[in-house]
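Spelled out from the first residue to the last, the chains are:
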Amino acid sequence: MSSFKLFYHDEDYGSDVMQVTTKQAEKILGGNYTFSQLGLSMMMLRLKRLWCENPTPEILQKCTNEINMFLKKYEKIMSADYAIMSKL
């Protein structure tokens, strides 16, 4: 299994920030993953439906952006689920 760099250094915050790539988002949306955080699980179900209905690069980018916004907003409580994503 290949590993991806999921953190980047944000100069504005002076720290590392969680982030998924479009390749990882595609694996998440195409897979059958479960997450402990209910909000993330509900968002992923919605994004999977969106992706299945219209699997275009534009939709994939939209899904990736939404996942990253969620991770950034809820970084403190997402550590267990982020560990799952980081292995993709």
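Residues numbered from 1 in each chain as written. Predicted model: local features only at pLDDT ≥ 70, side-chain atom pairs only at ≥ 80, totals over all residues. Heavy atoms only, no water.

**Considerations on the packing of aromatic side chains**
Scanning all chains against the criterion turns up one aromatic pair. Relative to Y74, the ring of F70 has its centre 4.8 Å away and its plane inclined at 45 degrees; by these criteria the two rings are tilted. Given a relative accessible area of 31%, Y74 falls into the partly exposed group. (Phe/Tyr/Trp six-rings, centres within 6.5 Å; stacked < 30°, edge-to-face > 60°. Buried < 20%, exposed > 50% of the residue type's maximum accessible area, 1.4 Å probe, protein only.)

**Looking at helix α3 (residues 57-73)**
Taking 1.5 Å per residue, 17 residues should reach 24 Å; α3 reaches 24 Å between its end C-alpha atoms and fits that length. For α3, the complete set of buried residues consists of I59, L60, C63, T64, E66, I67, N68, F70 and L71. (Helix = DSSP H or I, 4+ residues; strand = E, 2+ residues; numbered from the N terminus. Expected span 1.5 Å × (residues − 1).)

**Quick notes on the pattern of salt bridges**
Under the criterion given, the structure shown has one salt bridge. E66 serves as the salt-bridge partner of R46, at 2.0 Å between the closest nitrogen and oxygen. Placement of the pair is R46 in helix α2 (residues 38-53) and E66 in helix α3, with a sequence separation of 20 residues. (Salt bridge = Lys/Arg side-chain N within 4 Å of Asp/Glu carboxyl O.)

**Describing the side chain of K48**
Looking at the element boundaries, K48 is found in helix α2. Setting aside chain neighbours within four positions, we find K48 in contact with I28, L29, G31, N32 and Y33. (Contact = heavy atoms within 4.5 Å.)

**A word on the packing of helix α1 (residues 22-30) against α2**
Helix packing for two helices is described by the angle between their axes and how far apart those axes are. Where α1 contacts α2, the two axes come as close as 9 Å, and the packing angle between them is 95 degrees. The orientation of α1 relative to α2 falls into the category roughly perpendicular. Here α1 contributes E26, I28 and L29 to the contact with α2, which in turn contributes M44, L47, K48 and W51. Taken together, the residues of the contact of α1 with α2 break down into five nonpolar, no polar and two charged. (Axes fitted to C-alpha atoms, helices over the stretch in contact; angles between N-to-C directions. Parallel < 35°, antiparallel > 145°, perpendicular 65-115°, else oblique. Nonpolar A, V, L, I, M, F, W, Y, C, P; charged D, E, K, R; others polar.)

**Quick word on the packing of α1 against α3**
Interaxial distance between α1 and α3 falls to 9 Å at its minimum, and their mutual angle equals 95 degrees. In this view, α1 runs roughly perpendicular relative to α3, as classed from their interaxial angle. Facing T22, A25, E26 and L29 of α1, the residues of α3 in contact are L60, Q61, C63, T64 and I67.

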